[in-house]
Amino acid sequence: MLSAPSKFKSNAEFFVFLIPALNGAVGFWSTVSLNIPDFTRFAKDVRGQAIGQAIALPLTMTLYSFVGVAVTSATAVIYGTAIEDPVKLLGMFHSPVAVVISLVAVLIATLNVNIGANVVSPANDFSNLWPRGISFKTGGVITCFMGIAMMPWKLLASYGTFIFGWLGGYAAVLGPVAGIMICDYFIIRKKTLAVDDLYLRNGIYEYSGGFNWAAIAALALGSVVALSGKILHMFGVEVQMLNTLYDYSWFVGFFIAFTFYYVAMRGSVKSPVQ
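On a predicted model such as this, the values are computed, not experimentally measured, just so you know. (Residues numbered from 1 in each chain as written. Predicted model: local features only at pLDDT ≥ 70, side-chain atom pairs only at ≥ 80, totals over all residues. Heavy atoms only, no water.)

Caption draft 1: Summary view of the nonpolar core. In this structure, Ile 180, Cys 183, Ile 188, Ala 214, Ala 215, Ala 218, Ala 257, Tyr 261 and Met 265 together form the largest nonpolar core, which totals 9 residues. Those elements giving two or more residues to this core turn out to be α8 (159-188), α9 (213-234) and α11 (249-265). (Core = buried A, V, L, I, M, F, W, Y, C linked by side-chain atoms within 4.5 Å. Buried < 20%, exposed > 50% of the residue type's maximum accessible area, 1.4 Å probe, protein only. Helix = DSSP H or I, 4+ residues; strand = E, 2+ residues; numbered from the N terminus.)

Next up, the structure:
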């Protein structure tokens, strides 16, 4: 298993695949990184959540990644073909007890991951859109139905569609969101948050009728630039430079949105309402 040769013929060929895959991995984790306050707000102090994110997450995810690679590599040796889908792999087992126990473990893992990573944040978002009509529970139900309507099994049908299409696509949108949030909090407001103004009309976060048009423009600009290569590709137009921008979609969107937002908001921050 450890002596299996690389599928790539050269380092250049490897990096052509690595960069979009790395961008997809960043996009995958950017969802949780943006809504991590949904969980860290319950931490006893800043140090506690910092240790959890800086130590626990990298260690556990490295372990999980190793298990996935090692098991898939082992299937190539045992069954003659690489089986990356755990459910398909369980279909190769002959022990009913082992299959049942493994399927229960897969079910629990699926529920845990999706509730924490894919339900909490959108459920809060739907509830915040209409607090009187949509509770957190109702927001979670809406999220579940939307998840089915998106037909994720089609996205997972091939790694090319999932990594280079789906992950790279929404990374181009989430990168600008992260850029705007980081620029606003760390650079524009210098880590000062006026909590009371979050709940006041005509407070410093009211902006223009409740909309920060500078943030919306930064989001649109960053997303469009990062997605431009993919959009043109859909119409049969190939521009290598723009395709390269899409390979780095999260980073490109982040940098452009961060820069635009900084220029647009610099010097326009109001003082908190007294």
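Caption draft 2: View of helix α5 (residues 96-129). End to end, α5 covers 47 Å across 34 residues, agreeing with the expected 50 Å (1.5 Å per residue, within 8%). Roughly 45° is the biggest bend found in α5, and it falls at Val 119, with proline Pro 122 one to four residues downstream. Along α5, the positions that sit buried rather than exposed are Val 99, Val 119, Val 120, Ser 121, Ala 123, Asn 124, Phe 126 and Ser 127. Of the surrounding elements, those touching the buried residues of α5 are α1 (11-35), α2 (37-40), α4 (86-90) and α6 (136-149). (Expected span 1.5 Å × (residues − 1). Bend = angle between axes of the 7 residues up to and from the residue. Contact = heavy atoms within 4.5 Å.)

Caption draft 3: Inspection of the environment of Glu 206 at higher detail. Along the chain, the position of Glu 206 falls in the loop between α8 and α9. Residue Glu 206 is classed as buried on the basis of its relative accessible area, which comes to 15%. If near-sequence neighbours (up to four positions away) are discounted, Glu 206 is found in contact with Leu 200, Arg 201 and Phe 211. Reaching out from Glu 206, the side chain makes a polar contact with the side chain of Arg 201 at a distance of 2.8 Å. (Polar contact = N/O pair within 3.5 Å; in protein donor to acceptor, adjacent residues only side chain to side chain.)

Caption draft 4: The arrangement of α6 in detail. Here α6 spans 20 Å end to end across 14 residues, near enough to the 20 Å set by a 1.5 Å rise per residue. Looking at α6, one finds that the buried residues are Gly 139, Gly 140 and Thr 143. Seen end-on, α6 carries its buried residues on one side only, within an arc spanning 100°. Turned more than 90 degrees away from the buried face of α6, the exposed residues are Lys 137, Phe 145, Ile 148 and Ala 149. Of the residues trailing α6, Met 151 is marked for its positive phi of about 50°. (Arc of directions from axis to C-beta.)

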